[in-house]
Amino acid sequence: MTDASPDLPNSLDAQLRRRAASVIPGGMWGHMRAAAVPEGYPQFFAGGEGARVRDVDGRDYIDFMCSWGPIILGHRHPEVEAAAREQLDRGDCLDGPTEHAVRLAEKMVALIPHADWALFQKNGSDAMTTCVTLARAGTARRKVLVAKGAYHGAVPWCSPSVLGVTAEDRAHLIYYTYNDVESLDAAVAEAGDDLAAIVASAFKHDLAIRQQLPDAAFARAARAHCDRTGAALVLDDVRAGFRLNLGGSWENVGIRPDLAGYSKAIANGYPLSAVTGNDRFRPAAEQVFVTGSFWYSGAPMAAAVKTLEILEREDGPARLAAAGERFCTGLTEAAARHGFEVTMSGPPAIPLMHFADDPDAKLGEAFCQQALARGVYLHNKHNMFLSLAHTDAVVDDALSAIDDAFAALARDRSADA
């Protein structure tokens with residue numbers, strides 16, 4: 001292990017950044033740009049194992065981002081790796097799908113109460129775009145309701161960026177406020193007879209905004225509107241799927257969608273997403289042309305089958321919730337010991353951290369830098385993720401380092417006073 005910091009001009013990370021700047025626009029793109037996290041975070045990584053990752057300069061971190069969500073069992077889980085490797089040794093991208101496509105669809109239909117069928121893609125954007133396309137095809141309508149500020153992918157109809165996006169791309173979107181029944185009622189009324197779908201996230205997880213679990217009355221209202229109008233209730237379970245409930249995240253509030261999109265954790269890091277639906281939308285799924293060159297690859301599907309088997313065997317959502325509770329409670333208690341007020345919002349397995357009286361998030365950023373220096377990888381604006389590899393011992397090791405990070409932050413605050 002080396003002590004080289006990515007900030008040092010001769011570190012491997014710094015060298016790779018300089019090389020990337022000449023051949024990759026902006027040096028890196030999308031949500032994994034190091035510019036999106038506090039200064040001092042590495043851009044490039046070399047590997048991961050269990051609950052830990054290692055950057056290209058050999059520094060190890062206890063990982064509370066889990067590759068921004070895909071890792072649910074732990075990095076390089078041996079059973080998942082073996083399942084994927086077995087198929088890779090026979091071939092991955094072939095002239096058609098492997099048997100794992102059928103096995104995975106059967107597994108998802110068995111696990112998810114609303115699901116009568118499943119289709120597979122690669123990314124969350126693929127899954128959610130497919131859901132919207134199927135809703136419009138199945139209803140012969142155009143209007144789609146989405147929550148203000150919600151993230152459903154990085155394609156023109158839903159991207160948070162408006163660069164390169166035309167008004168026509170979003171001409172048939174109508175916005176409501178998550179968990180606000182009156183706002184939803186008004187949006188449904190505005191759509192009138194042209195309502196194709198109500199799209200809702202598993203919970204409100206907008207960037208840097210305190211998270212909200214779904215209110216049962218809101219979820220029931222969305223279901224009732226769809227039942228009355230014939231529109232599709234679409235659940236975006238891309239981020240939360242399989243972490244909160246193996247049957248779909250809104251099982252926790254007793255509401256089942258017509259269509260749902262999954263990705264992130266479905267294959268423990270292998271590239272895959274899925275759409276599940278009920279029989280009402282089967283004809284649309286049979287007729288609409290959605291596809292991709294790599295959507296049928298066998299190894300990710302083999303990995304997904306094994307991932308879901310392990311989550312079922314290990315009671316994954318319950319274990320993740322317990323690990324998250326331990327982490328969130330320990331972090332807030334450590335903060336209080338050193339004179340800071342921190343709140344953790346959202347599901348404990350997918351928590352977001354906020355410091356009180358920190359409107360520009362500078363205190364949160366400084367804390368994350370202190371934690372990183374002590375080998376704990378946190379995020380100050382995006383929700384974090386836990387995995388089954390976050391055992392009590394791992395979480396306690398992280399909390400010990402986090403306590404030291406708060407102590408250092410308190411010393412810095414005293415010095416600045």
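Everything in this summary refers to the structure shown in the same document. (Residues numbered from 1 in each chain as written. Predicted model: local features only at pLDDT ≥ 70, side-chain atom pairs only at ≥ 80, totals over all residues. Heavy atoms only, no water.)

## Examining the packing of aromatic side chains
By the definition in use, this model includes 13 aromatic pairs. Aromatic side chains Phe340 and Phe355 sit 6.2 Å apart centroid to centroid with 80° between the ring planes, which places their arrangement in the edge-to-face category. Of this pair, Phe340 sits in the loop between helix H9 (316-337) and strand S11 (342-345) while Phe355 sits in strand S12 (residues 352-355); the two residues are 15 residues apart in sequence, bridging distant segments of the chain. Taking the relative accessible area as the measure of exposure, Phe340 reaches 6% and is therefore buried. Overall, Phe355 belongs to the buried group, its relative accessible area being 7%. In this structure an aromatic cluster arises from ring pairing among Tyr41, Phe45, Tyr61 and Tyr377. (Phe/Tyr/Trp six-rings, centres within 6.5 Å; stacked < 30°, edge-to-face > 60°. Helix = DSSP H or I, 4+ residues; strand = E, 2+ residues; numbered from the N terminus. Buried < 20%, exposed > 50% of the residue type's maximum accessible area, 1.4 Å probe, protein only.)

## Structural notes on the nonpolar core
Nonpolar side chains in soluble globular proteins tend to be buried together. Met108, Leu145, Ile198 and Phe242 are the most contacted members of the largest nonpolar core, which has 65 residues in total. Counting residues per element, this core draws most heavily on helix H8 (residues 298-313), which supplies eight residues. In contact with Phe242, other than residues within four places in its own chain, are Ile72, Met108, Ile112, Tyr262, Ile266, Leu308, Leu311 and Pro317. Counting residues in each nonpolar core, the second largest holds 40 residues, with Ile62, Leu331, Ala334 and Leu378 among its members. (Core = buried A, V, L, I, M, F, W, Y, C linked by side-chain atoms within 4.5 Å. Contact = heavy atoms within 4.5 Å.)

## Some thoughts on the side chain of Ser11
Tracing the backbone shows Ser11 in the segment before helix H1 (12-23). Overall, the relative accessible area of 3% leaves Ser11 in the buried class.

## As for the layout of surface pockets
To find the voids left in a structure, one rolls a probe of water-molecule size over its atoms. Its boundaries defined by the atoms lining it, the second largest pocket holds a volume of some 260 Å³. Lining of the second largest pocket is provided by 14 residues; of these, Ala101, Ala118, Leu119, Phe120 and Tyr296 occupy positions nearest its centre. The set of elements that each furnish at least two residues to the lining of the second largest pocket consists of helix H3 (99-111) and strand S4 (117-121). The element that contributes the greatest number of residues to the lining of the second largest pocket is S4, accounting for four residues. In the lining of the second largest pocket, the residues fall into 13 nonpolar, one polar and no charged. (1 Å grid on protein atoms, 1.4 Å probe; cavity = no way out; pocket = protein on both sides within 12 Å on 5 of 7 lines; lining within 4 Å. Points joined across faces, edges and corners; volume = space filled by probe spheres on them. Nonpolar A, V, L, I, M, F, W, Y, C, P; charged D, E, K, R; others polar.)

## What to know about helix H2 (residues 78-88)
Turning to H2, its buried residues number three or more, namely Val80, Ala83, Ala84 and Gln87. Projection of H2 onto a plane perpendicular to its axis shows the buried side chains occupying an angular sector of 90°, all on one side. In this structure, the buried residues of H2 make contact with H3 and H8. (Arc of directions from axis to C-beta.)

## Considerations on the pairing of S4
The buried fraction of S4 is high, at four of five residues. Judged from the five bridges that link them, S4 and strand S10 (residues 273-277) form a sheet pairing that is antiparallel. By the bridge assignment for S10, Gln121 is matched with Ser273. (Pairing = 2+ DSSP bridges.)

## A closer look at the sheet that holds strand S13 (residues 376-377)
Sheet architecture is open: four strands sit in the order S1-S2-S3-S13, paired in mixed fashion. The open sheet terminates on both sides in strands that have one partner only, identified here as strand S1 (45-49) and S13. Pairing geometry for strand S3 (residues 60-63) and S13, over two bridges, is parallel. When the sheet's bridge partners are listed, Asp63 is paired in S13 with Tyr377.

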